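Each chain is listed here by its residues.
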Amino acid sequence: MFSYRHAFHAGSHADILKHLTLIHLVSYLQEKPVALTMVDTHAGAGIYNLQDGFAAVSKEAEGGIFRLLKYQEAGNPIPQSIQTYLDCIQSENSSGEMNTYPGSPFILARMLRPQDRLKLFELHPKEIDILRHNVGELSCAKQIDVYDVDSFKRLKGLLPPPSRRGLILIDPSYEDKQDYRHLEIALEEAMQRFPTGCYAIWYPMLARRESAELPDRLKKICTTHKRSWLHTELRVENTPGERRLQASGMFIINPPWTLEKNLAEALPIITKALSVGNGAQYLLKSFEAKN
């Protein structure tokens, strides 16, 4: 189960969808001065070198962040939400070149206010050491807790946060098919303890029954707890037999009212910029629960 490394997918189209959404969620939740607790259940190493190691082998960034930058450099207009995302990524590259890509932990860490806290989980025996080292280099390291335990089992113990304001990113690799079941169990437990939290679930769109069924299963959980949701997917190509990931999705529980408008502006541009062939498309749906 430990063959998966986040670095293989650093800067990919899936990262763009995940991080574009994540940045907006944090920005909205920080509009109030109350402390915000953020959790990343599968943190990885935190930040990645795109010119070396696993990222250089997979070259997924070429079809993701590099392609998006080329689209912008060609003079194509982009909405503010995409510019904010690009500014966040480029802030890790002081040379002006795109050599480094921040994962979710570093994006969240850079957005921490003095009153906020960040909880990171990682089980991979090599990734956890790299993560601890990388976090230790941050000026806000004292605001960050790193756990080498199973987040699916420990998540409920962190909820609800003292301030009752929290953002929980759940983004396992799904390398193990049991991750789908573990996610549902952990989410149910979390919702029972902290139903008003904002939950952001990322998933790959694979030719696997568990993957195809996940959005509907998440919607059922929302129905049970009478919670609003937003569901978005991004497909950059539709090439039969191609082994690389062609699409992924985000499912947000208790989304801010501004998120749908934000994504409605960004997704057509992202889809156009990253498309391969004629199969690129996006999905954006939402449901507002009536309490």
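Note that the coordinates shown come from a computational prediction; the quantities given were computed from them, not determined experimentally. (Residues numbered from 1 in each chain as written. Predicted model: local features only at pLDDT ≥ 70, side-chain atom pairs only at ≥ 80, totals over all residues. Heavy atoms only, no water.)

**Side note on the overall build of the protein**
Point 1. Along the protein, the regular secondary structure elements total 10 helices and 10 strands.
Point 2. A compact globule built from 291 residues should have a C-alpha radius of gyration of about 19 Å, and the protein, at 18 Å, falls within 12% of that.
Point 3. Principal axes of the C-alpha set define a box for the protein whose edges measure 45 × 40 × 40 Å.
Point 4. Taken over 291 residues, the protein has a buried fraction of 54%.
Point 5. With the model as given, the accessible surface of the protein reaches about 13500 Å², and the carbon-plus-sulfur share is 50%.
Point 6. One finds the centroid of the 35 positive side-chain charges in the protein at a distance of 5 Å from the centroid of its 34 negative side-chain charges. (Helix = DSSP H or I, 4+ residues; strand = E, 2+ residues; numbered from the N terminus. Rg over C-alpha atoms; globule rule 2.2 N^0.38 Å. Buried < 20%, exposed > 50% of the residue type's maximum accessible area, 1.4 Å probe, protein only. Areas by Shrake-Rupley, 256 points an atom, 1.4 Å probe, with all protein chains shown as cover. Lys, Arg positive; Asp, Glu negative; His and termini not counted. Charge placed at Lys NZ, Arg CZ, Asp CG, Glu CD.)

**Remarks on unusual backbone geometry**
Point 1. Residues L159 and P160 are joined by a peptide bond in cis, for which omega reads -5°.
Point 2. Within the element layout of this structure, P160 appears in the loop between helix 7 (151-154) and strand 6 (166-170).
Point 3. Phi is positive for R164, close to 65°, though the residue is something other than glycine.
Point 4. By the secondary structure assignment, R164 is in the loop between helix 7 and strand 6.
Point 5. Its identity is not glycine, yet K226 carries a phi of approximately 55°, on the positive side.

**Some thoughts on the pairing of strand 7 (residues 198-204)**
Point 1. Burial analysis of strand 7 places 7 of its 7 residues in the buried class, which makes it a mostly covered element.
Point 2. Neither face of strand 7 is left uncovered, since the one carrying C198, A200, W202 and P204 and the one carrying Y199, I201 and Y203 both have all their residues buried.
Point 3. Sheet topology places strand 6 next to strand 7; 4 bridges connect them, and they run parallel. When the sheet's bridge partners are listed, I170 is paired in strand 7 with I201.
Point 4. Between strand 6 and its parallel partner strand 7, the chain crosses via helix 8 (residues 178-193), and the hand of that crossover is right-handed.
Point 5. As paired elements, strand 7 and strand 9 (residues 247-253) share 6 bridges and run antiparallel to each other. (Pairing = 2+ DSSP bridges. Right-handed = clockwise from strand over helix to strand, strands pointing away.)

**Details of helix 1 (residues 13-29)**
Point 1. Spanning 17 residues, helix 1 covers 25 Å between terminal C-alpha atoms, matching the ideal 24 Å at 1.5 Å per step.
Point 2. A large share of helix 1 lies buried, amounting to 15 of its 17 residues. (Expected span 1.5 Å × (residues − 1).)

**Describing helix 8**
Point 1. The terminal C-alpha atoms of helix 8 lie 23 Å apart, and with 16 residues this matches the ideal 22 Å at 1.5 Å per residue to within 8%.
Point 2. All of the buried residues along helix 8 are D179, Y180, L183, E184, A186, L187, A190 and M191.
Point 3. Considering only its buried residues, helix 8 is in contact with helix 7, strand 6, strand 7, helix 9 (209-225) and strand 9. (Contact = heavy atoms within 4.5 Å.)

**Here we look at the sheet that holds strand 8 (residues 229-235)**
Point 1. Here we have 8 strands laid out as an open sheet, ordered 5-4-1-6-7-9-8-10, and mixed in their pairing. Both edges of this open sheet fall to strand 5 (144-147) and strand 10 (281-287), since each of them pairs with a single strand only. Averaged over all neighbouring strand pairs, the angle between strand axes comes to 10°, with direction disregarded.
Point 2. Two strands pair when backbone bridges link them, and strand 8 and strand 10 are joined in this way by 7 bridges, in the antiparallel orientation. (Axes fitted to C-alpha atoms, helices over the stretch in contact; angles between N-to-C directions.)

**A short note on the packing of aromatic side chains**
Point 1. Overall, the coordinates contain 5 aromatic pairs when judged by the stated rule.
Point 2. Taking 4.9 Å as the distance between ring centres and 25° as the angle between the ring planes, the aromatic pair formed by F121 and Y147 counts as stacked. Highlighted residues: F121 in strand 4 (residues 117-121) and Y147 in strand 5, separated in sequence by 26 residues. Both residues of the pair, F121 and Y147, belong to the buried class.
Point 3. Their ring planes at 25° and their centres at 5.7 Å tell us that W229 and F251 sit as a pair that is stacked. Of this pair, W229 sits in strand 8 while F251 is found in strand 9, placing the two residues 22 residues apart along the sequence. Comparing W229 with F251 shows no difference in burial state: the two are buried. (Phe/Tyr/Trp six-rings, centres within 6.5 Å; stacked < 30°, edge-to-face > 60°.)

**A look at the layout of surface pockets**
Point 1. Of the pockets and cavities examined, the largest pocket occupies roughly 540 Å³.
Point 2. Lining the largest pocket are 25 residues, with S228, N254, P255, P256 and W257 positioned closest to its centre.
Point 3. If you list the elements that add at least two residues to the lining of the largest pocket, you get helix 1, strand 8 and strand 10.
Point 4. Residue composition of the lining of the largest pocket, grouped by class: 11 nonpolar, 7 polar and 7 charged. (1 Å grid on protein atoms, 1.4 Å probe; cavity = no way out; pocket = protein on both sides within 12 Å on 5 of 7 lines; lining within 4 Å. Points joined across faces, edges and corners; volume = space filled by probe spheres on them. Nonpolar A, V, L, I, M, F, W, Y, C, P; charged D, E, K, R; others polar.)

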